[in-house]
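# Fold and contact review
In case you want the letters, here they are:
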Amino acid sequence: MTTQLTRRQMLIGTACTVAIAMTLRPGDAALAQPRAALGLGEVRIRDLGPGVVQFPLMSSLVVGNTLYIGSRNLQPARVIGFDLTSRTVTSRTDLDSGYAVQAMVASPDGTALYIGTLRKDDDTGASVHRWDLTTPALPATPLATTGDRDVRALAVAPDGRIYVAGGGEPPKAPSLWEVDPVTGAATNWGTPDPGATISQAVAATASTVYFGTGSTLAGGAGSTAKLFAFDRSTRLFADVLPREVAAAVSVTSLSVLDDLLGVGLKGPGKSLLLNLAAPSTYEVIPQTGVQLRRRGDDIYYVKAPSVMAYSRVTKKITNLQTGDLAMLWGLDLAGDRLVGASEYGFVAEVDPATRTSTITELLDVGAPADPQAVMGIAAGGGSVYVGGTGAISRLDLATGTVSRIRLAGEAKDGVIVDGVLYTGQYNSQGIWRYDPASGHPPAQVVAPTAGQNRPLDVCWDAVNGLVLLGAQNDTGGGGSVTTYDPVSSAHTTTVNPIDARQMVRAVATADGVAYLGGDNLYTDGPRSTVVAWDPVAHTELWRVDPGLPTGIAALATDGRHLFALGRRASGLVVIDLQSRMVVRVVDVSGVATDFGALNYFDGTVYGVSDTTLFRVDAGTQQLSTVVADIDGGWYSGPHLDIDENGVIYTMRGLNLVAVQDGARPGLIDVDVLVEPRPLGTTVHLRVKVANREEGALAVTITTAYGQKTFPDVAAGRNAVASFPCRTGSIPAGTVRVEATRAADGASTVRTVPYDATSSG
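The sections below set out a description of the structure shown in this document. (Residues numbered from 1 in each chain as written. Predicted model: local features only at pLDDT ≥ 70, side-chain atom pairs only at ≥ 80, totals over all residues. Heavy atoms only, no water.)

Before going further, it helps to examine the overall build of the chain. Helix and strand counts for the chain stand at one helix and 68 strands. Along the first, second and third principal axes, the C-alpha atoms of the chain reach 85 × 50 × 50 Å. For the chain, with 760 residues in total, the buried portion stands at 60%. The contacts in the chain between residues at least 6 apart in sequence include a share of 50% that link residues at least 24 apart. When the accessible surface of the chain is totalled, it reaches about 27000 Å², and 50% of it is carbon and sulfur. Within the chain, the 73 negative side-chain charges are centred at a point lying 2 Å from the centre of the 60 positive side-chain charges. (Helix = DSSP H or I, 4+ residues; strand = E, 2+ residues; numbered from the N terminus. Buried < 20%, exposed > 50% of the residue type's maximum accessible area, 1.4 Å probe, protein only. Contact = heavy atoms within 4.5 Å. Areas by Shrake-Rupley, 256 points an atom, 1.4 Å probe, with all protein chains shown as cover. Lys, Arg positive; Asp, Glu negative; His and termini not counted. Charge placed at Lys NZ, Arg CZ, Asp CG, Glu CD.)

In space, the four strands of this open sheet follow the order S3-S59-S58-S57, with antiparallel pairing throughout. With one partner strand each, in any of the chains shown, strand S3 (43-50) and strand S57 (641-642) form the two edges of the open sheet. Here S3 pairs with strand S59 (residues 655-661) via six bridges, running antiparallel. Bridged to Val43 within S59 is Asp661. (Pairing = 2+ DSSP bridges.)

Let us now look at the packing of aromatic side chains. For any pair of aromatic rings, the description rests on two quantities: the centre-to-centre distance and the angle between the ring planes. Inspection of the entire model under this criterion finds nine aromatic pairs. Note on Tyr515 and Trp542: the rings are 6.1 Å apart at their centroids and 55 degrees apart in plane angle, and the pair reads as tilted. Note that Tyr515 is positioned in strand S46 (residues 513-519) and Trp542 in strand S48 (residues 539-544), a separation of 27 residues in sequence. Clustering of aromatic rings is evident, with ring pairs tying together Trp189, Phe228, Phe230 and Phe237. Across from the ring centre of Tyr426, 5.0 Å away, lies the NZ or CZ of Lys412, which sits over that ring. Above the face of the Tyr522 ring, Arg501 is positioned so that its terminal group lies 4.2 Å from the ring centre. (Phe/Tyr/Trp six-rings, centres within 6.5 Å; stacked < 30°, edge-to-face > 60°. Lys NZ or Arg CZ within 6 Å of the ring centre and 35° of its normal.)

Spatial ordering of the open sheet is given by S9-S10-S11-S12, a layout of four strands whose pairing is antiparallel. Because the sheet does not close on itself, it has two edges, and the strands there are strand S9 (100-106) and strand S12 (141-144). Across the sheet, the axes of successive neighbouring strands diverge by a mean angle of 35 degrees, strand direction being ignored. In this structure, strand S11 (residues 128-132) lies alongside S12, joined through three bridges in antiparallel fashion. Bridge pairing links His129 to Pro142 in S12. (Axes fitted to C-alpha atoms, helices over the stretch in contact; angles between N-to-C directions.)

This paragraph deals with the side chain of Asp150. Within the secondary structure, Asp150 is located in strand S13 (residues 150-156). What makes Asp150 buried here is its relative accessible area of 1%. Of note is the side chain of Asp150, whose polar atom sits 3.0 Å from the backbone nitrogen of Arg119. In this structure the side chain of Asp150 is engaged in a polar contact, spanning 3.0 Å, whose partner is the side chain of Arg149. In contact with Asp150, other than residues within four places in its own chain, are Thr117, Leu118, Arg119, Ala165, Gly166, Gly167 and Gly168. (Polar contact = N/O pair within 3.5 Å; in protein donor to acceptor, adjacent residues only side chain to side chain.)

For the rest of this paragraph, the subject is the pattern of salt bridges. Pairing between side chains of opposite charge can happen when the charged atoms of each approach one another. Scanning all chains against the criterion turns up 35 salt bridges. Two residues, Glu738 and Arg736, come together in a salt bridge whose shortest N-O distance is 3.7 Å. One network of salt bridges, with partners in common, ties together Asp121, Arg149, Asp150 and Arg152. (Salt bridge = Lys/Arg side-chain N within 4 Å of Asp/Glu carboxyl O.)

For the rest of this paragraph, the subject is the environment of Ala112. Looking at where Ala112 falls in the secondary structure, it is placed in strand S10 (residues 112-118). On the accessibility criterion, Ala112 (1% relative accessible area) is buried. In this structure the C-alpha to C-alpha distance between Ala112 and Pro136, which are 24 residues apart in sequence, comes to 9.7 Å.

If you look at the biggest cluster of nonpolar residues, it comprises 23 residues, and the most contacted ones within it are Val689, Val699, Ile701, Val735 and Val737. Within the residue set of this core, elements represented by two or more residues are strand S60 (670-679), strand S61 (682-691), strand S62 (697-703), strand S63 (706-713), strand S64 (718-724), strand S66 (733-741) and strand S67 (747-754). Sorting elements by how many residues they give to this core places S61 first, with four residues. The residues contacting Val699, other than those within four sequence positions of it, are Val689, Lys708, Thr709, Phe710, Val713, Ala719, Val737 and Glu738. (Core = buried A, V, L, I, M, F, W, Y, C linked by side-chain atoms within 4.5 Å.)

In this section: the environment of Val284. Relative to the assigned elements, Val284 resides in strand S24 (residues 282-285). C-alpha separation for the pair Val284 and Thr700, spaced 416 residues apart in sequence, amounts to 68 Å. In contact with Val284, not counting residues within four places along its chain, are Glu244, Lys270, Ser271, Leu272 and Tyr310.

Time to look at the pairing of S48. Across five bridges, the pairing between strand S47 (residues 530-534) and S48 is antiparallel. If you follow Asp534 over to S48, its bridge partner there is Thr539.

Moving on: unusual backbone geometry. Cis geometry is found at the peptide bond from Gln75 to Pro76, where omega equals -5 degrees. Considering the arrangement of structural elements, one finds Pro76 in the loop between strand S6 (66-71) and strand S7 (78-83). Here Gln291, not a glycine, exhibits a phi torsion of approximately 55 degrees, which is positive.

Here Glu675 is to be found in strand S60. For Glu675, a relative accessible area of 15% puts it in the buried group. Within the structure, the side chain of Glu675 is placed 3.1 Å from the side chain of Arg677, a separation counted as a polar contact.

So this is what it looks like as structure tokens:
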């Protein structure tokens, strides 16, 4: 096969630091296309409109005849009321703090709704609000602030006292909080498990508060699940979780079901029904579930993407749905129906008797659609994708059309290969594939290995034809690297390729080698190990620790050097891939903050932080700013991608922007043609480099079969080299071409793949 690569057909994905993207308003197609040539040094920024526009949600609760639904990743955070009779949105309140609503509970008389929020570290507003449901036109008011950042569950005792569970600031352990519903005074009843890092569940009776803990975000540093019974009179805790499930990761759901306590657990594949009068007596449901509800002898619960029923009489489990409800953030009984709000943005009303559902799209009945904080971006092949919550948005650059595509969970990162999008899906959903030309919805192509729940970085290895995914194990520590072959569908996952503690935060690839960047949540051990990895043999080639004190945020490579961005602005380390030595540390404190992304294109490494889009000349390693104060509206950390035209896509606020960089030092116009040719009984590799510049170039061609330098290639002339491979067949590989302009010394590097070839 002949492979030709011009400056406007460059390979995307040399560095794995993108995600999934999309954007733009209909009618703006002209803005999405490259315009007139840039002037030297000019930077052109085009605003393509909001990235993902929808009503993402994270909770729901039935009070009376209304389903209240809490938002996720919207500013301001809000709650809407969905009338179950008219099936329309009839009320709304905005909150003055928080970015998501994960917890809601009603007062015993149903006249007030208490709302708990997730907050950012610098948010000093209330974590619990009160909405008077007798006057829903009036906004909710701040009620209380606990000493924990996040509120993940709320419960109300029969006397009206409010109990709060949350945490989310490892290694700080979560406390059980009690809030006075009148004054808002918050009392801390203590941290019964100092090793826990999160509490996701709380329930209350007249005498006892049940408090579930665990360590789902601690990377193995915290303790396992605990279920505490807090005596409201003696104020003492007792662990009542049965030993049978003591190895569970976390208690994820608690529900008072008449004389039973419904317990959802992460890890053991079981749920429990505890006898409230004697918690040591319990019944096991042999399936993981959350939001347990009861009608008579039937127990209902959510197990995404469906709703299940467990009969206490027959001990059988019944799937109440065949369709995809995704994750229901809440489940309640409303008459003869089960009601909940789906992460897809609809209300599902499930009839257990007929196993059918009535679906109401919230955006069609008055839910407010707004731009949300986004996950990641991927660009190429005429499309840009932006990842949201339960959906991705696709911008067609030719027409300007924007599509919102349902995709369960969160697309943390992605890459486009031959027009097809591959994403890493959180939580515990592996790799998904979406081909817009097929007419089919996204589909999972690789299920995750147990524990490898959080995708972090996705890229394309053009030499080996593999999608590469780096991931994190939130609960057990460490991480993994997954390979997927889109042609054969073959896939592999290697757990802990760096070590048992470091996640695979970043992945980059060149010349068929994958580079894995580590990050360590623990207080000790290596923090920033780089492993050179053979993605075909699944073996380590070598490793080096560049000494970044706070872990690696991102990687990129030009094939000669590896660039590693340290977290918390600790530096940009440049590693020579031949000597495997650190040759330079670039001070990035003026442009970087903590998390970030890197991507290589045409002699330049581009990076983005929370504040700044910047560039580093791959040859000189000089740092400069492309766009200051870009301040992207990210949920999962900054991302960027670069399409085949060299256009950079990232976020400015909640809007997608396209950036054309006329100051890129590596804009040298050459065409590269690579031809593996059978000659007799052997194969020769022929490389032709055409100089399209107005002046002379120095050209160096490097292959696995030799290297040749042409010190003076005149304008309009070619550098041609033929490398004898001395064998009857050669595997797929790449050719590296470095072109240096004689006039100013600027250089560019191209890496061109070729297919396996045989003389037979």
